[in-house]
Amino acid sequence: MLKPRDIAVVGAAETTGLGKIPGMSNLQLHADSALNALKDCGLKITDIDGIACAGESPTNLAHYLGIVPKYVDGTGVGGCSFMIHVRHAAAAISAGLCTTVLITHGESGSSRIGLNRPAANPASLAGQFEMPFGPFGPPTMFTIPVLRYMKERGLTHEQLANVAVVQREWAAMNPRARFRDPITVEDVLNSRMIAYPFRILQCCLVTDGGGALILTSAERAKDFPTKPVYILGTGESVETPMISQMKDFTSSAAFKVAGPTAIKAAGISHADVDHLMIYDAFAHLPIYGLEDLGFCKPGEAGAFIEARNTAPGGKLPMNTNGGGLSYTHTGMYGMFALQESVRQMRGTAAAQVPGAKLSVCHGVGGMFGASGTVVFTNVA
Amino acid sequence: MLDPKRPKPLPTPETQHFWDGMKRGELLLQRDKDTGEVYFPPRPFVPGTGSTNIEVFKASGKAILYSYVIHANPAPGFTPPYAIAVVQLAEGPRMMTNIVDCPQTPEALVLDMPLELAPTVLDDTITLPLFRPSKA
């Protein structure tokens, strides 16, 4: 059985550029990240014997890189696929299926060059029971439960806006972040309406970019030039492809499996966590994540963020790269959350949390449809 | 009445009865005959147990407004602003819909307001289960 610290991340890198990359196709963004991650840890393509990716088939990736791997994971459940890839890769390496796994993300989300994003099938359940009523992309679907949450939990429009304000503070410290100018709650509430109650500053960016991770056994990790980042615990789940069928509009069932499973496997308590990433496609995601992972009681996360607990200088620094709201968001942002957790554990983040030893990285896929969580540490 | 560019559902063998019912203006749901549990969307077994001891029945058409967003931008088949709503049926399940005969504003769309079924013809084969504020 996979034990904490058995497996480590030894290579990690994002695409060379970030934001608008008109010179690269979707597949090349995967390759650019992969080559950067190989360079990061001093490996050759031929050292990779396992691959995982989403948004491109692993067959495309293997062929393009020129390798014939022994381990393949094409789990594609949206933006948290990469957290799940980490979990599966750790188990596979531990079980001896392979030794060195490359996980890639690349998405031409803005330029849309060679982007593989099929339209909803009209015969699918979502095609029959959601699409005829006019949802048009994530801003009109992911956001649907929020008015219910606000009514039941007492979250205010100002508290929801404040999530974006705090994340912009982190982004201001990060030269690679797309948006770095400070914003106020008033700015957010006066920004362009997208889908009431959501305004544009409460919605993620749409960018081009990618990232890659390379995992191997902790024993081998000692021989690498990079500081090993150990995997302490992982979790995954899926709930529904239809936002209207989410069981509880104030909480994600998939979060409540993935998050606690990872935290339990890691053998940690919430108070041990130095750094937190919660995938923020929209401003309400960190609120649901903080509560479903047990960092806050139900209904308390809005006030928790407002009290600056997750802001620079707070006790639980969260989304320290600026998040999907201000750093970057290609479409499947989970890889960028993982990259920031790894940077924080290596001590190389732009907004480094001093002395951070434990990072929890939590992802969402689809519209609350899927979830994956990884707990990292830099302590052997 | 509805914009023909609106995305059109394509029934499958498991959902055909639902769309046939809508053509007659009836909202058909399914329930577990052993426990009475009502579920949606349609499938020929009870989710979570797999029991096939089920029946199709006509729902009351009564619902409450459970949650929504108001889309501010155009989408194929829709003119903004329009609300994309989820209603909770009196029988328990929730479904996505649109609210007709009602201003598409936060002031008019009040959570938990009572609604009633407004079957609305899209074309010869599809009638959509829309809802309107309850007249009762």
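Residues numbered from 1 in each chain as written. Chains lettered and ligands numbered in written order. Predicted model: local features only at pLDDT ≥ 70, side-chain atom pairs only at ≥ 80, totals over all residues. Heavy atoms only, no water.

Novice: How would you sum up the nonpolar core? Please name residues and give values.
Specialist: Most often, soluble globular proteins keep nonpolar side chains buried together rather than apart. If you look at the biggest cluster of nonpolar residues, it comprises 144 residues, and the most contacted ones within it are Ile103(A), Leu213(A), Leu215(A), Leu290(A), Phe376(A), Tyr68(B) and Phe131(B). Apart from residues lying up to four places away in sequence, Leu290(A) is in contact with Leu276(A), Ile278(A), Phe295(A), Cys296(A), Ala301(A), Phe304(A), Ile305(A), Thr310(A), Leu316(A) and Met318(A). Counting residues in each nonpolar core, the second largest holds 23 residues, with Ala31(A), Leu43(A), Ala62(A) and Phe224(A) among its members. (Core = buried A, V, L, I, M, F, W, Y, C linked by side-chain atoms within 4.5 Å. Buried < 20%, exposed > 50% of the residue type's maximum accessible area, 1.4 Å probe, protein only. Contact = heavy atoms within 4.5 Å.)

Novice: Just give me the short version of the pairing of strand 8 (residues 229-238) of chain A, but keep the residues and values in it.
Specialist: All names here are of chain A. With respect to burial, strand 8 is a largely interior element, 8 of its 10 residues being buried. Pairing geometry for strand 1 (residues 7-14) and strand 8, over 2 bridges, is antiparallel. If you follow Val 9 over to strand 8, its bridge partner there is Val 229. Judged from the 8 bridges that link them, strand 8 and strand 11 (residues 370-377) form a sheet pairing that is antiparallel. Among the inter-strand pairings, Ile 231 is bridged to a residue of strand 11, identified as Phe 376. (Helix = DSSP H or I, 4+ residues; strand = E, 2+ residues; numbered from the N terminus. Pairing = 2+ DSSP bridges.)

Novice: Go over the packing of helix 9 (residues 253-266) of chain A against helix 10 (residues 285-292) of chain A with me, naming the residues and quoting the values.
Specialist: All names here are of chain A. Closest axis-to-axis distance for the helix 9/helix 10 pair is 9 Å, and the angle between their directions is 55 degrees. As judged from the angle between their axes, helix 9 and helix 10 are oblique. The two elements helix 9 and helix 10 cross, and the hand of that crossing is right-handed. Touching Phe 255, Lys 256 and Pro 260 of helix 9 are Leu 285, Tyr 288, Gly 289 and Asp 292, all from helix 10. Tallied by class, the residues present in the contact of helix 9 with helix 10 amount to 4 nonpolar, 1 polar and 2 charged. (Axes fitted to C-alpha atoms, helices over the stretch in contact; angles between N-to-C directions. Parallel < 35°, antiparallel > 145°, perpendicular 65-115°, else oblique. Left-handed = near helix turned anticlockwise from the far one by under 90°. Nonpolar A, V, L, I, M, F, W, Y, C, P; charged D, E, K, R; others polar.)

Novice: Explain the interface of chain B and chain A to me, and be specific about the residues and the numbers.
Specialist: Facing the 40 residues of chain B at the interface are 35 residues of chain A. Taken together, the two surfaces of chain B and chain A that pack against each other cover about 3,000 Å², and 65% of this comes from carbon and sulfur. Counting across the interface, chain B meets chain A through 2 salt bridges. Put simply, Lys151(A) and Asp112(B) hold a salt bridge, and the shortest N to O gap is 2.6 Å. Between chain B and chain A we count 16 residue pairs in polar contact (both at pLDDT 80 or more) in total. (Buried area = accessible area lost by both parts, 1.4 Å probe. Salt bridge = Lys/Arg side-chain N within 4 Å of Asp/Glu carboxyl O. Polar contact = N/O pair within 3.5 Å; in protein donor to acceptor, adjacent residues only side chain to side chain.)

Novice: Any chance you could break down the packing of aromatic side chains for me, citing the residues and the numbers?
Specialist: The relative placement of two aromatic rings is captured by the distance of their centres and the angle of their planes. Residue and element names in this part refer to chain B. In the structure shown here, the tally under the stated rule is 16 aromatic pairs over all chains. Between the aromatic rings of Phe 18 and Trp 19, the centroid separation amounts to 5.0 Å while the plane-to-plane angle is 85 degrees, which identifies the pairing as edge-to-face. Comparing Phe 18 with Trp 19 shows no difference in burial state: the two are buried. With centroids separated by 5.8 Å and ring planes inclined at 50 degrees, the aromatic side chains of Phe 18 and Phe 40 adopt a geometry described as tilted. With a gap of 22 residues between them, Phe 18 in helix 1 (residues 16-23) and Phe 40 in the loop between strand 2 (38-39) and strand 3 (54-58) connect regions that are remote in the sequence. Of the two residues examined, Phe 18 and Phe 40, each falls in the buried class. (Phe/Tyr/Trp six-rings, centres within 6.5 Å; stacked < 30°, edge-to-face > 60°.)

Novice: I'd like to hear about helix 1 of chain B, residue by residue, with values.
Specialist: Those residues of helix 1 of chain B that fall on the buried side of the exposure criterion are Phe18(B), Trp19(B), Gly21(B) and Met22(B). For helix 1 of chain B, the arc enclosing every buried residue in end-on projection is 155 degrees, short of the 170-degree limit, so these residues lie on one face. The secondary structure elements touched by the buried residues of helix 1 of chain B are helix 4 (125-129) of chain A together with strand 1 (28-32), strand 6 (94-97), strand 7 (114-121) and strand 8 (127-133) of chain B. Just downstream of helix 1 of chain B lies Gly25(B), where phi reads positive at about 80 degrees. (Arc of directions from axis to C-beta.)

Novice: Help me get a handle on the packing of helix 1 (residues 26-41) of chain A against helix 2 (residues 58-65) of chain A, residues and values and all.
Specialist: All names here are of chain A. Interhelical geometry of helix 1 versus helix 2 gives an angle of 60 degrees and a closest axis separation of 10 Å. In terms of orientation, helix 1 and helix 2 fall into the oblique class. You can see that helix 1 and helix 2 cross each other, and the crossing is right-handed. Note on element contacts: helix 2 touches helix 1 through Asn 60, Leu 61, Tyr 64 and Leu 65, opposite Leu 27, Gln 28, His 30, Ala 31 and Ala 34.

Novice: Outline the pattern of salt bridges, supporting the account with residue identities and numerical values.
Specialist: Residue and element names in this part refer to chain A. Counting across every chain of the model gives 15 salt bridges over all chains. One salt bridge connects Arg 176 with Glu 14, and the closest N-O pair in it is separated by 3.0 Å. One end of the pair, Arg 176, is in the loop between helix 6 (157-171) and helix 7 (185-190); the other, Glu 14, is in strand 1, and 162 residues separate them in sequence. Owing to a relative accessible area of 7%, Glu 14 belongs among the buried residues under this scheme. Between Arg 148 and Glu 152 there is a salt bridge; the shortest N-O distance is 3.0 Å. Here the residue Arg 148 and the residue Glu 152 both occupy positions in helix 5 (residues 146-153), the gap between them amounting to 4 residues, near one helical turn. For Arg 148, a relative accessible area of 7% translates into the label buried. Take Glu 152: its relative accessible area is 41%, and that puts it in the partly exposed class.

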